[in-house]
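Chain and residue survey
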Amino acid sequence: MKEKREAERKKVTVTTVVRKMVPAGGYSVMEFRTHDISLGGIFISTEDLSIFDLGEEIEILVDDKMKKYYNGKARVVRSARILEESGSQIESGFGLMFLNPEKEFVTMLKQKLQG
């Protein structure tokens, strides 16, 4: 399967907090472990692939040891189950694409990805 991604991914473990509007009104707030990050977005780990719909817009806060990486909107662009050759699942979750990231964030992320 050919990757559509343009930006290089780097394995990094940070916390991602997602705020999603719920149909009954209000918000649902969920916390995830991030599997990897790139200039274009992040991959968050979760067993439950029914919590988001492809194309859905959500609000996210990505931080590491209280250092904010990104606070803004993201679009759910992929859901995936990653398997070992034996067929055992080793990871599952969602690919989230950053929407309109600030210039300072992009600069900081470029430095982190090169380091």
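Below or above, wherever it landed, is the structure these notes cover.

How each quantity is defined
Residues numbered from 1 in each chain as written. Predicted model: local features only at pLDDT ≥ 70, side-chain atom pairs only at ≥ 80, totals over all residues. Heavy atoms only, no water. Helix = DSSP H or I, 4+ residues; strand = E, 2+ residues; numbered from the N terminus. Contact = heavy atoms within 4.5 Å. Areas by Shrake-Rupley, 256 points an atom, 1.4 Å probe, with all protein chains shown as cover. Phe/Tyr/Trp six-rings, centres within 6.5 Å; stacked < 30°, edge-to-face > 60°. Buried < 20%, exposed > 50% of the residue type's maximum accessible area, 1.4 Å probe, protein only. Salt bridge = Lys/Arg side-chain N within 4 Å of Asp/Glu carboxyl O. Pairing = 2+ DSSP bridges. Expected span 1.5 Å × (residues − 1). Arc of directions from axis to C-beta.

Brief notes about the overall build of the chain
Counting secondary structure elements, the chain contains 1 helix and 7 strands. A fraction of 52% describes how many contacts in the chain between residues 6 or more apart in sequence connect residues 24 or more apart. Accessible area of the chain: about 7600 Å², with a carbon and sulfur share of 50%.

Points about the packing of aromatic side chains
Summed over the entire model, instances satisfying the criterion amount to 3 aromatic pairs. Centre to centre, the rings of F32 and F52 are 6.0 Å apart; their planes meet at 55°, and the pair counts as tilted. Note that F32 is positioned in strand β3 (residues 27-37) and F52 in the loop between β4 (41-45) and β5 (57-64), a separation of 20 residues in sequence. Accessibility classification places F32 together with F52 in one group, the buried group. Here the aromatic rings of F98 and F105 are separated by 5.0 Å at their centres, their planes lie at 80°, and the arrangement is edge-to-face. One exposure class covers both F98 and F105, and it is buried. Put simply, the rings of F32, F52 and F94 touch in pairs and so form one group of aromatic residues.

Notes on the pattern of salt bridges
The tally for this structure, following the rule as stated, stands at 4 salt bridges. Between E59 and R19 there is a salt bridge whose closest N-O contact spans 3.3 Å. Of the two residues, E59 sits in strand β5 while R19 sits in strand β2 (residues 15-21), which places them 40 residues apart along the sequence.

So, the pairing of β2
Burial along β2 is one-sided: the face carrying T16, V18 and K20 is buried and the face carrying T15, V17, R19 and M21 is not. By the bridge criterion, 7 bridges tie β2 to β3 in an arrangement that is antiparallel. Bridge pairing in β3 places T16 opposite F32. Connecting β2 to the antiparallel partner β3 that follows it, the hairpin turn spans 5 residues, and G25 within it adopts a positive phi of roughly 105°.

Some thoughts on helix α1 (residues 103-114)
Spanning 12 residues, α1 covers 17 Å between terminal C-alpha atoms, matching the ideal 16 Å at 1.5 Å per step. Among the residues making up α1, those that are buried are F105, M108, L109 and L113. Each buried residue of α1 lies within a common arc of 135° when the element is viewed along its axis, so the set occupies one face. The outward face of α1, more than 90 degrees from its buried face, is lined by the exposed residues K103, E104, Q111 and Q114.

Some details on the environment of A74
Following the sequence through the fold, A74 ends up in strand β6 (residues 67-83). Classification of A74 by relative accessible area gives buried; the value is 0%. It is 5.5 Å that separates the C-alpha atoms of A74 and I58, two residues lying 16 residues apart in sequence. If we skip the residues at most four places from it in the chain, A74 touches E56, E57, I58, I60, L96, M97 and L99.

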